[in-house]
Amino acid sequence: MQTLTIAEIFSDFSYYQVHYLSIITQPEQYFTPVQGAFIQVWPVGTQPLYLGDLLQLWFSEKWLVQSPCQLLLEARSNGRKQPLQRKKDLYLYELSGSALSGRNHCKVWSYSEQKTLSVSLDSVFKYYCLYRGTSRPEVPEQNLRDALKSSL
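First, a word on scope: everything that follows refers to the structure included in this document. Given the structure is predicted, the values throughout are model-derived calculations rather than measurements.

## Here's the deal with the overall build of the chain
Inference 1: Assigned secondary structure in the chain consists of six helices and eight strands.
Inference 2: Each helix (α) and strand (β) of the chain, taken in turn from the N terminus, gives the series α-α-α-β-β-α-β-β-β-β-β-β-α-α.
Inference 3: Out of the 152 residues belonging to the chain, those deemed buried represent 38%.
Inference 4: Summarising the internal contacts of the chain: among those between residues at least 6 apart in sequence, 59% fall at separations of at least 24.
Inference 5: Total accessible area on the chain is roughly 8800 Å²; 52% of this is exposed by carbon and sulfur atoms.

Pasting the structure below:
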(Lines give C-alpha, C1' and ligand atoms only; values in the text may rest on other atoms or scores of the structure.)
Protein backbone atom coordinates (compact mmCIF):
# COMPACT_ATOMS: atom_id res chain seq x y z
CA MET A 1 0.00 0.00 0.00
CA GLN A 2 1.33 3.41 -1.00
CA THR A 3 2.21 5.82 1.80
CA LEU A 4 1.12 9.39 1.15
CA THR A 5 2.78 12.56 2.38
CA ILE A 6 0.89 15.60 3.62
CA ALA A 7 2.28 17.64 0.72
CA GLU A 8 0.93 15.05 -1.77
CA ILE A 9 -2.52 15.20 -0.22
CA PHE A 10 -2.63 18.99 -0.41
CA SER A 11 -1.20 19.09 -3.92
CA ASP A 12 -4.35 17.25 -5.06
CA PHE A 13 -6.70 18.46 -2.32
CA SER A 14 -9.65 18.98 -4.67
CA TYR A 15 -9.52 15.28 -5.59
CA TYR A 16 -9.88 14.32 -1.91
CA GLN A 17 -12.75 16.76 -1.46
CA VAL A 18 -14.64 15.23 -4.39
CA HIS A 19 -13.92 11.58 -3.45
CA TYR A 20 -14.13 12.02 0.33
CA LEU A 21 -17.24 9.87 0.89
CA SER A 22 -15.98 6.92 -1.13
CA ILE A 23 -12.58 7.05 0.60
CA ILE A 24 -13.98 6.95 4.14
CA THR A 25 -16.31 4.02 3.38
CA GLN A 26 -13.75 1.73 1.72
CA PRO A 27 -11.23 0.21 4.16
CA GLU A 28 -8.51 -0.21 1.52
CA GLN A 29 -8.61 3.53 0.84
CA TYR A 30 -9.43 4.69 4.36
CA PHE A 31 -6.39 2.96 5.86
CA THR A 32 -3.87 4.47 3.44
CA PRO A 33 -0.84 5.38 5.59
CA VAL A 34 0.20 9.02 5.76
CA GLN A 35 3.84 9.75 6.55
CA GLY A 36 4.31 11.82 9.71
CA ALA A 37 0.61 11.78 10.63
CA PHE A 38 0.08 10.51 14.17
CA ILE A 39 -1.17 11.18 17.66
CA GLN A 40 1.27 10.88 20.54
CA VAL A 41 -0.51 11.98 23.69
CA TRP A 42 0.81 11.12 27.12
CA PRO A 43 -0.46 9.03 28.94
CA VAL A 44 -2.62 7.57 26.13
CA GLY A 45 0.19 6.50 23.78
CA THR A 46 0.88 6.70 20.07
CA GLN A 47 -1.65 6.12 17.30
CA PRO A 48 -0.97 6.41 13.55
CA LEU A 49 -3.40 8.50 11.53
CA TYR A 50 -4.64 7.28 8.18
CA LEU A 51 -5.96 9.14 5.16
CA GLY A 52 -9.58 8.52 6.17
CA ASP A 53 -8.97 9.77 9.71
CA LEU A 54 -7.46 13.01 8.45
CA LEU A 55 -10.13 13.63 5.83
CA GLN A 56 -12.93 13.11 8.36
CA LEU A 57 -11.31 15.43 10.88
CA TRP A 58 -10.43 18.11 8.34
CA PHE A 59 -13.68 18.18 6.37
CA SER A 60 -15.77 18.23 9.54
CA GLU A 61 -13.53 21.16 10.60
CA LYS A 62 -12.67 19.39 13.88
CA TRP A 63 -8.93 19.43 13.12
CA LEU A 64 -9.01 22.70 11.22
CA VAL A 65 -7.29 24.87 13.83
CA GLN A 66 -9.34 28.02 14.22
CA SER A 67 -8.68 28.93 17.83
CA PRO A 68 -5.56 30.96 18.63
CA CYS A 69 -2.37 28.91 18.81
CA GLN A 70 1.31 29.66 19.17
CA LEU A 71 3.67 29.36 16.22
CA LEU A 72 6.82 27.63 17.44
CA LEU A 73 9.75 29.50 15.98
CA GLU A 74 12.94 27.84 14.74
CA ALA A 75 15.55 26.45 17.13
CA ARG A 76 17.81 29.47 16.78
CA SER A 77 15.10 31.61 18.40
CA ASN A 78 15.49 29.69 21.69
CA GLY A 79 12.01 28.18 21.64
CA ARG A 80 10.12 31.46 21.44
CA LYS A 81 6.48 31.43 20.42
CA GLN A 82 4.51 33.83 18.29
CA PRO A 83 0.68 34.11 18.41
CA LEU A 84 -1.01 32.75 15.31
CA GLN A 85 -4.65 32.73 14.28
CA ARG A 86 -6.04 32.05 10.84
CA LYS A 87 -9.46 31.08 9.56
CA LYS A 88 -9.73 27.77 7.68
CA ASP A 89 -6.03 27.58 6.88
CA LEU A 90 -4.30 25.33 9.44
CA TYR A 91 -4.89 21.59 9.01
CA LEU A 92 -3.66 19.57 12.00
CA TYR A 93 -1.95 16.25 11.19
CA GLU A 94 0.53 15.60 14.00
CA LEU A 95 -0.66 15.84 17.59
CA SER A 96 2.05 15.41 20.20
CA GLY A 97 2.00 16.39 23.86
CA SER A 98 0.67 15.72 27.34
CA ALA A 99 -3.01 15.53 28.21
CA LEU A 100 -2.15 16.41 31.81
CA SER A 101 0.30 19.31 31.55
CA GLY A 102 -1.02 20.70 28.28
CA ARG A 103 2.52 21.10 26.87
CA ASN A 104 2.55 20.19 23.20
CA HIS A 105 4.36 20.44 19.89
CA CYS A 106 2.07 19.85 16.93
CA LYS A 107 2.33 20.13 13.16
CA VAL A 108 -0.19 21.72 10.85
CA TRP A 109 -0.30 22.25 7.10
CA SER A 110 -0.81 25.89 6.17
CA TYR A 111 -3.00 25.87 3.08
CA SER A 112 -2.20 29.49 2.23
CA GLU A 113 1.57 29.00 2.57
CA GLN A 114 1.62 25.39 1.26
CA LYS A 115 4.01 24.26 3.97
CA THR A 116 4.19 22.64 7.39
CA LEU A 117 4.23 24.83 10.51
CA SER A 118 5.04 23.78 14.07
CA VAL A 119 2.55 25.07 16.62
CA SER A 120 1.49 24.74 20.23
CA LEU A 121 -2.27 24.29 20.65
CA ASP A 122 -4.57 25.22 23.49
CA SER A 123 -5.25 21.55 24.40
CA VAL A 124 -4.05 18.29 22.88
CA PHE A 125 -6.65 16.39 24.89
CA LYS A 126 -9.48 18.25 23.11
CA TYR A 127 -8.11 17.26 19.71
CA TYR A 128 -7.51 13.68 20.89
CA CYS A 129 -11.16 13.43 21.99
CA LEU A 130 -12.32 14.76 18.61
CA TYR A 131 -10.24 12.05 16.94
CA ARG A 132 -11.74 9.35 19.18
CA GLY A 133 -15.20 10.48 18.05
CA THR A 134 -14.55 9.52 14.42
CA SER A 135 -15.86 6.27 12.99
CA ARG A 136 -13.87 3.87 10.84
CA PRO A 137 -15.09 1.34 8.31
CA GLU A 138 -15.24 -2.27 9.42
CA VAL A 139 -12.37 -4.43 8.26
CA PRO A 140 -13.43 -8.03 7.48
CA GLU A 141 -11.95 -10.53 9.94
CA GLN A 142 -10.22 -12.49 7.16
CA ASN A 143 -8.39 -9.34 6.06
CA LEU A 144 -7.12 -8.87 9.62
CA ARG A 145 -5.85 -12.45 9.74
CA ASP A 146 -4.11 -12.06 6.39
CA ALA A 147 -2.47 -8.82 7.52
CA LEU A 148 -1.28 -10.43 10.76
CA LYS A 149 0.13 -13.47 8.93
CA SER A 150 1.98 -11.30 6.44
CA SER A 151 3.50 -9.19 9.24
CA LEU A 152 4.99 -12.20 11.05
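There is more to say, and it comes next.
## Points about helix H5 (residues 124–132)
Structural remark: α-helix, 3.6 residues per turn; residues separated by three or four positions point the same way.
Inference 1: Every buried residue of H5 is listed here: Val124, Tyr127, Tyr128 and Tyr131. Seen along its axis, H5 keeps its buried residues to an arc of 105°; they face one direction.
Inference 2: Looking at the buried residues of H5, the elements they touch are strand E1 (33–42), strand E2 (45–50), helix H4 (51–59), strand E3 (64–65), strand E6 (90–98) and strand E7 (106–110).
Inference 3: Among the residues of H5, the N-terminal cap falls to serine 123, whose side-chain oxygen and the backbone nitrogen of phenylalanine 125 are separated by 3.4 Å.

## Some remarks on the packing of helix H2 (residues 13–25) against H4
Inference 1: Look at H2 against H4: their axes get within 10 Å of each other, and the N-to-C directions meet at 110°. On the basis of their axis angle, the class for H2 and H4 is roughly perpendicular. Residues Phe13, Tyr16, Gln17, Tyr20, Ile23 and Ile24 of H2 touch H4, and the partners they reach there are Leu51, Gly52, Leu55, Gln56, Trp58 and Phe59.
Inference 2: In terms of residue class, the contact of H2 with H4 is made up of nine nonpolar, three polar and no charged.

## Side note on the pattern of salt bridges
Between side chains of opposite charge, a pair can form when the charged atoms approach closely.
Inference 1: Within this structure, the stated rule accounts for three salt bridges.
Inference 2: Measuring nitrogen to oxygen at the nearest pair gives 2.8 Å for the salt bridge that ties aspartate 53 to arginine 136. With a gap of 83 residues between them, aspartate 53 in helix H4 and arginine 136 in the loop between H5 and helix H6 (141–151) connect regions that are remote in the sequence.
Inference 3: For arginine 136, a relative accessible area of 32% translates into the label partly exposed.
Inference 4: Two residues, lysine 126 and aspartate 122, come together in a salt bridge whose shortest N-O distance is 3.2 Å.

## Overview of the packing of aromatic side chains
Inference 1: On inspection of all chains with the given rule, the structure shows 16 aromatic pairs.
Inference 2: Three or more aromatic residues joined by ring pairs make a cluster, and in this case those are Phe10, Phe13, Tyr20, Trp58, Phe59, Tyr91, Trp109 and Tyr111.

## Let's talk about the side chain of glutamate 94
Inference 1: Positionally, glutamate 94 belongs in strand E6.
Inference 2: The charged side chain of glutamate 94 is buried without a salt bridge, its nearest counter-charge being lysine 107 at 4.3 Å.
Inference 3: When residues no more than four places from it in sequence are discounted, the contact partners of glutamate 94 are Gly36, Phe38, His105, Cys106 and Lys107.

## Considerations on the environment of phenylalanine 125
Inference 1: Its location among the elements puts phenylalanine 125 in helix H5.
Inference 2: Exposure remark for phenylalanine 125: the relative accessible area of 43% places this residue in the partly exposed category.

## Observations regarding the pairing of strand E8 (residues 115–120)
Inference 1: By the bridge criterion, two bridges tie strand E4 (residues 69–72) to E8 in an arrangement that is antiparallel. Each residue of the ladder has a partner; that of leucine 71, found in E8, is valine 119.
Inference 2: By the bridge criterion, five bridges tie E7 to E8 in an arrangement that is antiparallel. If you follow lysine 107 over to E8, its bridge partner there is serine 118.
Inference 3: Counting the residues in the hairpin turn of E7 and E8 gives four residues, including glutamine 114, whose phi is positive at 55°.

What counts and how
- Residues numbered from 1 in each chain as written.
- Predicted model: local features only at pLDDT ≥ 70, side-chain atom pairs only at ≥ 80, totals over all residues.
- Heavy atoms only, no water.
- Helix = DSSP H or I, 4+ residues; strand = E, 2+ residues; numbered from the N terminus.
- Buried < 20%, exposed > 50% of the residue type's maximum accessible area, 1.4 Å probe, protein only.
- Contact = heavy atoms within 4.5 Å.
- Areas by Shrake-Rupley, 256 points an atom, 1.4 Å probe, with all protein chains shown as cover.
- Arc of directions from axis to C-beta.
- Polar contact = N/O pair within 3.5 Å; in protein donor to acceptor, adjacent residues only side chain to side chain.
- Axes fitted to C-alpha atoms, helices over the stretch in contact; angles between N-to-C directions.
- Parallel < 35°, antiparallel > 145°, perpendicular 65-115°, else oblique.
- Nonpolar A, V, L, I, M, F, W, Y, C, P; charged D, E, K, R; others polar.
- Salt bridge = Lys/Arg side-chain N within 4 Å of Asp/Glu carboxyl O.
- Phe/Tyr/Trp six-rings, centres within 6.5 Å; stacked < 30°, edge-to-face > 60°.
- Lys, Arg positive; Asp, Glu negative; His and termini not counted.
- Pairing = 2+ DSSP bridges.

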